[in-house]
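Fold and contact review
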Amino acid sequence: MIDRDMLEADALRSFAVFAEHRNFTAAATALHISQPSLHVKIKKLAAALGVDLYERTGRALTLTAAGERLAAFALDSHRRLDDFLGDLHGTSRPLGIAAGRGALRWVIAEAIRRISTTGRSISVLTSDRESAISALSAGHVDLAVIAHDPPPPQFDSRQIASYPQVLVIDVDHPLSNRDDVSLLDLDGLELVLPASGRPHRRTLERALADVGASWRVTAEVDGWDLLVHCAALGIGATIVNGCVAVPDGLAAIPVTDLPKIRYWATWRSQRRTHVNDLITHLASP
């Protein structure tokens, strides 16, 4: 039988701070209590729940799966209190959103601008897919925007955008007059690509190899903006998401045999009420 009294605000707050620091000394300092007192609180909480909340790996402390879930629950509880107080006094804390650099600039920038004009503040964490999901799972953000595959099934989600992959090439190149191109049309091209090992690079290498196309890498850079910038400098052609704007002098041609890139807004079900407006703006054209 779980002792529900152990899940009162003080115990949850103590564990949330411990989960953030993963260190008893630092967490006790932040809570203004002694380290032994905090240790007793966490031990009693684990005993009341009947699960281990953390484990020691060498000199480091890591949360168990149950500990991660409790930390997220504790942070959700704290945020619900903040939301209530904000509604009560006519103030609202910023909505936290995690997204990659490309998604932030090319996919959700207008949605953020629109919701900001309503007076709601947005706090943005730039991160890759794995980091965004981790931040969402831990309760550090209210919503994450991720690309390619749908998010893990424990989250709620909604597809908000879909873009073809496009070849970005000089307007004087013969391929620039085409309505679309295939991967085989890229045979022999000089390409600007992300660094070796990056997901976009791996996908392109496999796809080009599958059709027997050859290519030569002329530059390796990170980010849609730098890929296009290098193409504008005449270093080589590149392939980016169709949402990326290209400057004068370049053409963006859809690549028919590359899959579309889909973007998903994802959130924890406990936060649905407070991210509804943001989801609506993200899903609007």
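Right above here is the structure, for reference.
What comes next concerns the included structure. Everything numeric here is computed off the predicted structure, so don't read it as measured data. (Residues numbered from 1 in each chain as written. Predicted model: local features only at pLDDT ≥ 70, side-chain atom pairs only at ≥ 80, totals over all residues. Heavy atoms only, no water.)

**A word on the packing of helix 2 (residues 24-31) against helix 3 (residues 35-49)**
In contact at an axis separation of 9 Å, helix 2 and helix 3 are set at 100° when each is read in the N-to-C sense. With respect to helix 3, the element helix 2 is oriented roughly perpendicular. Note on element contacts: helix 3 touches helix 2 through Q35, L38, H39 and I42, opposite F24, T25, A27, A28 and L31. Of the residues in the contact of helix 2 with helix 3, the class split is six nonpolar, three polar and no charged. (Axes fitted to C-alpha atoms, helices over the stretch in contact; angles between N-to-C directions. Helix = DSSP H or I, 4+ residues; strand = E, 2+ residues; numbered from the N terminus. Parallel < 35°, antiparallel > 145°, perpendicular 65-115°, else oblique. Contact = heavy atoms within 4.5 Å. Nonpolar A, V, L, I, M, F, W, Y, C, P; charged D, E, K, R; others polar.)

**Brief notes about unusual backbone geometry**
Within the chain, H32 stands out as a residue other than glycine whose phi angle is a positive 60°. On the secondary structure map, H32 appears in the loop between helix 2 and helix 3. For H32, a relative accessible area of 72% corresponds to the exposed category. (Buried < 20%, exposed > 50% of the residue type's maximum accessible area, 1.4 Å probe, protein only.)

**Regarding the pairing of strand 5 (residues 143-147)**
The buried fraction of strand 5 is high, at five of five residues. Alternating positions in strand 5 separate into two faces, L143, V145 and A147 on one and A144 and I146 on the other, with burial throughout. Pairing geometry for strand 5 and strand 12 (residues 261-267), over five bridges, is antiparallel. Along strand 12, the bridge assignment pairs V145 with A265. (Pairing = 2+ DSSP bridges.)

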